[in-house]
Amino acid sequence: MKKPFLQRAIEFHGHLGPYLVLGLLMGEYALRKIKAKPHFGLEVKIWGASQKPKSCLIDGLQLSTGCTYGKGNIKKYNGKGIKVKFIHCENKKDITLALQEGIIEKLREANDHKNCERLARELYKACPEEIFILL
Ligand SMILES: [Zn+2]
């Protein structure tokens, strides 16, 4: 699996955090799953990530999918848990991904800057199958 370039993401976003990494990995995983082209080939809908630090997920998703607020093909909605839907523009195939319970637990436990960075690096090395669930 070709992972997105983490350094570029940190430069764009401004810091390394677990939600940024989750957005990178989730977007890349979804692109492969629905076989969509980045930038214009899909739409992304995000629930439950309106507030920091969860909203950092959105920057990761913009970088990995190429869907951006400028192009209007990424949108966020209110929701309880994090859930992201990826829709292929041509064949309308879609998948919805959420976080596994164990990951949600780890995010809850990472309560300071150092732990957040450590978790971010740990997640970056993990397989998407260990992080996400298909809804
Ligand atoms: Zn952040």
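Look up: the structure comes first, before these words.
What counts, and at which threshold
Residues numbered from 1 in each chain as written. Predicted model: local features only at pLDDT ≥ 70, side-chain atom pairs only at ≥ 80, totals over all residues. Heavy atoms only, no water. Helix = DSSP H or I, 4+ residues; strand = E, 2+ residues; numbered from the N terminus. Buried < 20%, exposed > 50% of the residue type's maximum accessible area, 1.4 Å probe, protein only. Contact = heavy atoms within 4.5 Å. Axes fitted to C-alpha atoms, helices over the stretch in contact; angles between N-to-C directions. Parallel < 35°, antiparallel > 145°, perpendicular 65-115°, else oblique. Left-handed = near helix turned anticlockwise from the far one by under 90°. Nonpolar A, V, L, I, M, F, W, Y, C, P; charged D, E, K, R; others polar. Expected span 1.5 Å × (residues − 1). Donors = N, O, S within 2.8 Å, 3.2 Å for Na, K, Ca; no water. Polar contact = N/O pair within 3.5 Å; in protein donor to acceptor, adjacent residues only side chain to side chain. Pairing = 2+ DSSP bridges.

## Topic: the environment of Ile10
Then, number 1: Checked against the element boundaries, Ile10 lands in helix H1 (residues 6-13).
Then, number 2: Exposure remark for Ile10: the relative accessible area of 18% places this residue in the buried category.
Then, number 3: Between the C-alpha atoms of Ile10 and Gly60, which are 50 residues apart in sequence, the distance is 9.4 Å.
Then, number 4: The residues touching Ile10, leaving out its near neighbours within four places in the chain, are His15, Leu16 and Leu20.

## Notes on the packing of helix H2 (residues 18-34) against helix H5 (residues 113-125)
Then, number 1: Interaxial distance between H2 and H5 falls to 8 Å at its minimum, and their mutual angle equals 15°. Considered as vectors, H2 and H5 are oriented roughly parallel to each other. Read as a crossing pair, H2 and H5 show a hand that is right-handed. Here H2 contributes Pro18, Val21, Leu22 and Leu25 to the contact with H5, which in turn contributes Cys116, Leu119, Ala120, Leu123 and Tyr124.
Then, number 2: Here the residues of the contact of H2 with H5 sort into 9 nonpolar, no polar and no charged.

## Considering H5
Then, number 1: In this model, H5 (13 residues) spans 19 Å end to end at C-alpha, consistent with the 18 Å of a helix rising 1.5 Å per residue.
Then, number 2: Residues of H5 that are buried sit in contact with H1, H2 and helix H4 (101-109).

## Focus: the coordination of the zinc ion
Then, number 1: Here the zinc ion is held by the protein donor atoms His13 (NE2), His15 (NE2) and Cys56 (SG), which lie 2.0 to 2.1 Å from it.
Then, number 2: Positions of the donor residues of the zinc ion along the chain correspond to the pattern H-x1-H-x40-C. Here the residue His15 occupies a position in the loop between H1 and H2, and Cys56 occupies one in helix H3 (residues 56-65), the gap between them amounting to 41 residues.
Then, number 3: According to the relative accessible area criterion, His15 is partly exposed, its value standing at 35%.
Then, number 4: Residue Cys56 is classed as buried on the basis of its relative accessible area, which comes to 9%.

## What to know about the side chain of Ser64
Then, number 1: Along the chain, the position of Ser64 falls in helix H3.
Then, number 2: Of note is the side chain of Ser64, whose polar atom sits 3.4 Å from the backbone oxygen of Leu24.
Then, number 3: Among the polar contacts made by the side chain of Ser64, one reaches the main-chain carbonyl oxygen of Gly60 at a distance of 2.9 Å.
Then, number 4: Non-local contacts of Ser64, meaning those with residues more than four positions away in its chain, are made with Gly23, Leu24, Gly27, Glu28 and Leu31.

## Some remarks on the sheet that holds strand E3 (residues 83-88)
Then, number 1: The strand order across the open sheet built from 5 strands is E2-E1-E3-E4-E5, with neighbouring strands paired in mixed fashion. Strands with a single pairing partner mark the edges of an open sheet, and in this sheet they are strand E2 (74-77) and strand E5 (132-134). Direction aside, neighbouring strands of the sheet carry axes that sit 25° apart on average.
Then, number 2: Of the pairings in the sheet, the one linking strand E1 (residues 42-47) to E2 comprises 4 bridges and is parallel in character. Along E2, the bridge assignment pairs Trp47 with Tyr77.
Then, number 3: Its contacts with the sheet put H3 on E1, E2 and E3, and the angle it makes with E1 is roughly 170°.

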